Amino acid sequence: MNLLSLTIKDASEKLKAGVFSCRELVVECFSNIKKHDKKINAFLTLNEEKAIKKAIEYDGLIKKNKDIFAEKPLLGIPVAFKDLFTTKDLRTTAGSKIIGGYTPPFDATVVKKLVDAGVIIIGKTNQDAWGHGSSGENTDYDATRNPYDLSRVPGGSSSGSGAAVSYGASLVGTGTDTGSSVRLPAGFCNLVGLKPTYGRVSRYGIIAMASSFDTIGHMTRTVYDNAKVLEVTAGVDPYDGTTVPVKVDQYTKTLGQSIKGLKIGLPKEYFVKGLDGKVDSSIKNSLKVLEKLGATVHEVSLPHTDYAMAAYYILVPSEVSSNLSRYDGVRYGLTREVFGAEAKRRIMLGSYTLSSGYYDAYYLKAAKVRTLIKKDFEDAFKTVDVLVVPTSPSLPFKIGEKTNDPLKMYLSDIFLCPVNLAGIPALNVQSGFADGLPVGMQIIGPQFSEQLLYKVAYLFEQETQYYKIRPEFKNG
Ligand code: GLN
């Protein structure tokens, strides 16, 4: 079996037909990890022994009952979890040494749902500590590298999950998206990555970054695979009061339906100076493909886009400073000195913007800007069905290129964080390649439009098939 070209859909069919076993699939994941992970550094903890044991157990189940797949829709599918998902009896670090030795006594809701659906946990993946970052370099455990070009970043903060799926260590990588962190690694690693509507997927058991922004998403090779995983993880959770009782669609059922007549909006504020010409032309080509599929393209305006980064970097550090205050050295052992530079920066910024005398001038004003940005999107969706924008203004950048300039690093998210301010869903699908590097494209829709986003992306992916271009581990 060649794991590099395998999808969940293929794997399920072949497991069902007995072409290979769960055990063989899992062994193949670990053999790829042994081959490549020294260079890529996608994993912080491996779960090899337990994973193989589970796989053998599932092979027995399949032998006894072929219909088991109806009960467990992701039976035998390997999953790599970002290291801020709590996993029972499996070390969880959030990419930080502050809680480096933590072994949780419980599973996050998403972990539990996936395990109940039959997945096999391969391990826990590297990330920017606490989710603060866009490149994977803010980890306390050495940066992860991009499998397409080892001298470049895989995108962050869910860096290890993106790299792991891309190089054949797993078929799903879970992530969190507070401002970019599922869509950017998906874009840089040639994957499909969804940031769902705020409240669509439970965050219970996730180490919090900024609670009014945090969402959970998955990275997979194809749109079908992504839709299949969301069918399992979406929905109300009594343990997370922000989950919304909106029916979970059968996302895979409408894939393949026509998008004739679909109105696509092109926000003019996203196609400006600073956007790499190669990214720009890749997106323009993709729009032509979408037009060929029956969509029409219309220019729209999101007038408050210029203020999005500023509002994000006041509101997010405010919530970060509050969430990180629990790691106070009394309850968790380690002193706050152990925090990395980025966490310290955000704790200081947030403490400042929340302090009396500054709260009205910064926090409250940013909260008002957030409302305006949300309204920009609502207004746009009165005239178009979805928006199409680049995922990143640049191609995957070099390791070290932005680490000394936090503002430059923050700007990697300029096309990504407005969606988190608005709480709406956005899907990264591959727009193509430039200089041998992946170029990501986002399809953005109104609240709870995940089914529509998948439908559009699926037809586009069937037409273009970029997901078949596998990494070559250049510059190793
Ligand atoms: N890069 C953004 C930040 O550093 C977003 C991170 C995220 O989505 N977790 O805040």
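Residues numbered from 1 in each chain as written. Predicted model: local features only at pLDDT ≥ 70, side-chain atom pairs only at ≥ 80, totals over all residues. Heavy atoms only, no water.

(A) Seen up close, the overall build of the chain. Of the regular secondary structure elements, the chain holds 15 helices and 11 strands. Radius of gyration (C-alpha) of the chain: 21 Å, near the 23 Å computed for a compact globule of 476 residues. Over its C-alpha atoms, taken along the principal directions, the chain stretches across nearly 65 × 60 × 50 Å. Counting only residues that meet the buried cut, the chain has 62% of its 476 residues in that class. When the accessible surface of the chain is split by element, carbon and sulfur atoms take 53% of a total near 17,900 Å². Both charge centroids of the chain, one from 59 positive and one from 50 negative side chains, sit 1 Å from each other. (Helix = DSSP H or I, 4+ residues; strand = E, 2+ residues; numbered from the N terminus. Rg over C-alpha atoms; globule rule 2.2 N^0.38 Å. Buried < 20%, exposed > 50% of the residue type's maximum accessible area, 1.4 Å probe, protein only. Areas by Shrake-Rupley, 256 points an atom, 1.4 Å probe, with all protein chains shown as cover. Lys, Arg positive; Asp, Glu negative; His and termini not counted. Charge placed at Lys NZ, Arg CZ, Asp CG, Glu CD.)

(B) Region of the structure containing the pairing of strand E9 (residues 386–390). Counting buried residues in E9 gives 5 out of 5 residues, a clear majority hidden from the surface. Neither face of E9 is exposed, since Val386, Val388 and Pro390 on one face and Leu387 and Val389 on the opposite face are all buried. Looking at chain direction, strand E7 (residues 263–267) and E9 are connected through 2 bridges and run parallel. Its bridge partner being in E9, isoleucine 264 is matched across the sheet by valine 386. Sheet topology note: the E9/strand E11 (residues 437–444) ladder contains 4 bridges and is antiparallel. Among the inter-strand pairings, proline 390 is bridged to a residue of E11, identified as methionine 441. (Pairing = 2+ DSSP bridges.)

(C) The arrangement of the sheet that holds strand E2 (residues 78–82) in detail. Taken in spatial order, the 11 strands line up as E1-E3-E2-E4-E6-E5-E10-E11-E9-E7-E8 in an open sheet, and their pairing is mixed. Each having just a single partner strand, strand E1 (43–46) and strand E8 (296–300) make up the two edges of the open sheet. The mean inter-strand angle of the sheet, taken between neighbouring strand axes irrespective of direction, is 30°. Judged from the 2 bridges that link them, E2 and strand E4 (residues 172–177) form a sheet pairing that is parallel. (Axes fitted to C-alpha atoms, helices over the stretch in contact; angles between N-to-C directions.)

(D) Region of the structure containing the state of the cysteines. Under the defined criterion, the tally for this structure stands at 0 disulfides. Cysteine cysteine 29 shares no disulfide, and the gap to the nearest cysteine sulfur, in cysteine 22, comes to 11 Å. On the basis of relative accessibility, which here comes to 0%, the residue cysteine 29 falls in the buried class. (Disulfide = S-S within 2.5 Å.)

(E) Layout of a nonpolar patch on the surface. Residues Tyr352, Tyr358 and Tyr362 make up a contiguous nonpolar surface patch of roughly 280 Å² in combined accessible area. For tyrosine 358, the location among the structural elements is in the loop between helix H11 (341–354) and helix H12 (359–380). (Patch = residues over 30% accessible without salt bridge, like charges linked within 9 Å, V, L, I, M, F, W, Y side chains within 5 Å. Salt bridge = Lys/Arg side-chain N within 4 Å of Asp/Glu carboxyl O.)

(F) Quick peek at the packing of aromatic side chains. Under the criterion given, the structure shown has 16 aromatic pairs. With a centroid separation of 5.7 Å and 50° between ring planes, the pair formed by phenylalanine 81 and phenylalanine 85 is classed as tilted. The same class applies to phenylalanine 81 and to phenylalanine 85, which are both buried. Between the aromatic rings of tyrosine 312 and tyrosine 313, the centroid separation amounts to 4.8 Å while the plane-to-plane angle is 70°, which identifies the pairing as edge-to-face. The burial state of tyrosine 312 is the same as that of tyrosine 313; both residues are buried. Each residue in the set Phe213, Tyr312, Tyr313 and Tyr410 is aromatic and connected to the rest through ring pairs, giving one cluster. Of note, lysine 97 hangs over the ring of tyrosine 141, and the distance from its end group to the ring centre comes to 5.2 Å. Sitting over the ring of phenylalanine 397, lysine 402 keeps its end group 4.1 Å from the ring centre. (Phe/Tyr/Trp six-rings, centres within 6.5 Å; stacked < 30°, edge-to-face > 60°. Lys NZ or Arg CZ within 6 Å of the ring centre and 35° of its normal.)

(G) Just the packing of helix H8 (residues 223–233) against helix H15 (residues 450–464), in detail. Running from N to C, H8 and H15 cross one another at 160°; their axes reach a closest spacing of 9 Å. The orientation of H8 with respect to H15, classified from their angle, is roughly antiparallel. Note that H8 runs across H15; the crossing there is left-handed. Within the contact between the two elements, H8 uses Val223, Tyr224, Asn226, Ala227 and Leu230 and H15 uses Glu450, Tyr454, Ala457, Tyr458 and Glu461. Per-class residue counts for the contact of H8 with H15 are 7 nonpolar, 1 polar and 2 charged. (Parallel < 35°, antiparallel > 145°, perpendicular 65-115°, else oblique. Left-handed = near helix turned anticlockwise from the far one by under 90°. Contact = heavy atoms within 4.5 Å. Nonpolar A, V, L, I, M, F, W, Y, C, P; charged D, E, K, R; others polar.)

(H) A look at the pattern of salt bridges. All chains considered together, the criterion is met by 19 salt bridges. The salt bridge partner of glutamate 48 is lysine 34, with a shortest N-O separation of 2.8 Å. Taken together, the positions of glutamate 48 in helix H3 (residues 48–64) and lysine 34 in helix H2 (residues 22–40) put the pair 14 residues apart, joining distant regions of the chain. Across the salt bridge formed by lysine 112 and aspartate 116, the nearest N and O atoms sit 2.9 Å from each other.

(I) Local environment of the site of the ligand. Taken together, 15 residues surround the ligand, and among them Thr178, Gly179, Ser181, Arg346 and Asp413 come closest. With respect to the ligand, the backbone of glycine 179 contributes an N or O atom lying 2.7 Å from an oxygen atom. Protein burial of the ligand: of its 300 Å² of free accessible surface, 100% is covered by the chains. Taken together, the residues of the shell around the ligand break down into 3 nonpolar, 9 polar and 3 charged. (Near = heavy atom within 4 Å. Polar contact = N/O pair within 3.5 Å; in protein donor to acceptor, adjacent residues only side chain to side chain.)

These figures come from the coordinates and say nothing about function on their own.
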